[in-house]
Amino acid sequence: MSEYQPLLSSDTRTMNKTPFRKTLQEVLRIMQRSDPYKAIDKGFAKLLTFFEADRIYIGYFNEADNSISFIHDISTDGSDGIASFLSNQLSDAKVIYEKDFPWWINKIKRGEDTIIDDVFQMPPEASFAQKLMIANGVKSTLCTSIHCEHTICGFLGIEHTRKTHTWLESEIDNLHLFSDLFSLMIQNEQKEEMKTNFTKLSMVINTCNSYIWEYDIPNDEVTIDYSLLDYEHSVILRSSESQRNHHKGGHLEQIHKEDWGKIQKQIARLINGEIDSFTETYRQYLNHELRWATTYFHTYAYDAENKPCKIICLTTDITQQRENELELIKAREANKIKTAFIANMSHELRTPLNVIVGFSSILAENNKTEENQYFIDLIQKNNFILLNIIDNILNFTKIESDTLEYNRRITDIKKVCEEAVGINYNNRNPNVELIFDQSLPSCPVLTDHERIVQVLFHLLDNANKYTEQGTITLSYQKQNDCELRVEIKDTGIGLPKEEREKVFLQFYKVDNFKTGLGLGLPIAKKIIEDSGGTMGVDSVKGKGATFWFTLPLAQSSD
């Protein structure tokens, strides 16, 4: 058989009915047992075998923008669909428009079949379509219209790419029959899709406690759509059930008078065509209860003079959300007041305490008798503890209110360590040696000098609390070209794993009998993290602890 001859001889005007009847029965069975979308693809596979063709597809007309969607597209070789090929040839937008195929689309919309036995024999007016078909390897094609609700909504096409093919009248008639079946499938698919979308929309509407309503401008009438609403779960539905059909005044004018004016102005702009949508949040009385709502207003229908005649609106009850927001605002304001009070209280405590510290120092200098020395040492120790607690409270309130300030500059970490050791030296336990190697080289870091002294003070003070005897060693070294690591190693009680994960929490204390508020380590960690570093602890219970932190090294100008 020549590749230019039909599958059956031309004098056989009717094809063998057995394969056709079998294929028809299989397609009908698929329609009954499969969901609409899968039914079309499965039916396509049967038709490719029946027609001994290479590709079959459905093109669907989108009236909104006169584009074409290839909603189903199957080929025997599994190659990319016709939509992918055409969009690559026509534009980068991956959209195909009717205007690109005037000869083809006009025939379809007139209800005529497009019968092409050999693409090289296509008429001159179809030259553009011919060029694309040749580029896509098409040799013969047959295309017929698909109807939806008595209107041509697209087309069914079948192609040969391996050889030309003379289409028999019986093949054309059979394709018409299958086209009608696929039209039914498409309508079922669309109904199923609409049902699914309706279900999804209903879930969203009820979950968000919303409802849709329409304002008919010429009749000045509002209609609420109750079909999507679940009575049991919709507060706003139960509140507005008596308002199914009524004039605008019965619905919109229940809005709080302080909010009604701005909405009225926006609706007027909508009616005058100045805008086509807007959103407003307002208070509204529903069954004498004042509730908060937000509504999206949108014009969707126009009269013969192109003036808006209908507005569709989506209203969501946001009363609970609004109440939560107000509670959050109140909580934030209360927290600000608390923070201000603590800061002010700390300041007021510090003023008389400074006087006590000052005069205690004078007493210590002028009353160095053996009898008084014990009491003087006790006073000074507790002065130190009180000052430290107040400093921690002040820094904690600044951290909570995000007002902790930094003055970053290039600083020698060696000088910072020497200063911290000097502050902590006199407050160490008498059986503990505080070690800092003075031969360590100078090392510039980019940080706030005072804040890092504060960090080291907290870490050394913490080590001193939990080390009864032995040593506390402060050291540092470069980790790499960008980072410095500082360590405070002690021979104290150490920490089990579960404690190591908690020591940086606010107000947490390993031993509640030790002095302090449990704020020193959290404050130190916050300062280091704000300075671009990290902080941690390595420890084994009974074998001491090593608290460490990193800081960025100051980069040389060259």
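Predicted model, so just to flag it, every value in this text is computed and none were measured.

Q: Help me understand the state of the cysteines in this model?
A: Covalent bonding between the sulfur atoms of two cysteines defines a disulfide. Under the definition given, this model contains 1 disulfide. Each disulfide pairs two cysteine sulfurs, and for C148 the partner residue is C153, the sulfurs being separated by 2.2 Å. Its torsion about the S-S bond being 45 degrees, the disulfide of C148 and C153 is classed as right-handed. Residue C148 shares its accessibility class with C153, and that shared class is buried. In this structure C417 is not part of a disulfide, and its nearest cysteine sulfur, from C443, lies 9.8 Å away. For C417, a relative accessible area of 0% translates into the label buried.

Q: How should the pairing of strand β14 (residues 432–436) be read in this particular structure?
A: Residues in a regular strand project their side chains so that they alternate between the two faces of the sheet. By the alternation rule, side chains of β14 split into V432, L434 and F436, which are all buried, and E433 and I435, of which none is buried. Sheet analysis places β14 next to strand β16 (residues 470–478), joined by 5 bridges and oriented parallel. Bridged to V432 within β16 is G470.

Q: Please clarify how the packing of aromatic side chains should be interpreted in this entry.
A: Here the distance between the centres and the angle between the planes together describe a pair of aromatic rings. Enumeration according to the criterion identifies 13 aromatic pairs in this entry. For the ring pair F50 and F178, a centre distance of 6.2 Å and an interplane angle of 65 degrees mean the geometry is edge-to-face. With F50 in helix α2 (residues 36–51) and F178 in helix α6 (residues 169–207), this pair connects stretches of sequence that are 128 residues apart. For F50, a relative accessible area of 11% corresponds to the buried category. When the ring of F101 is compared with that of F128, the centres are 6.3 Å apart and the planes differ by 45 degrees; the resulting orientation is tilted. In this pair, F101 sits in the loop between β3 (96–97) and α4 (102–109) while F128 sits in helix α5 (residues 127–135), placing the two residues 27 residues apart along the sequence. Residue classification places F101 among the buried residues on the basis of a relative accessible area of 11%. One aromatic cluster in this structure is built from Y57, F61, F70 and F155. Over the ring of Y406 we find R451; its NZ or CZ atom is 5.9 Å from the centre of that ring. Positioned above the aromatic ring of F504 is the side chain of K525, whose terminal nitrogen or guanidinium carbon lies 5.9 Å from the ring centre.

What counts, and where the lines are drawn
Residues numbered from 1 in each chain as written. Predicted model: local features only at pLDDT ≥ 70, side-chain atom pairs only at ≥ 80, totals over all residues. Heavy atoms only, no water. Disulfide = S-S within 2.5 Å. Buried < 20%, exposed > 50% of the residue type's maximum accessible area, 1.4 Å probe, protein only. Helix = DSSP H or I, 4+ residues; strand = E, 2+ residues; numbered from the N terminus. Pairing = 2+ DSSP bridges. Phe/Tyr/Trp six-rings, centres within 6.5 Å; stacked < 30°, edge-to-face > 60°. Lys NZ or Arg CZ within 6 Å of the ring centre and 35° of its normal.

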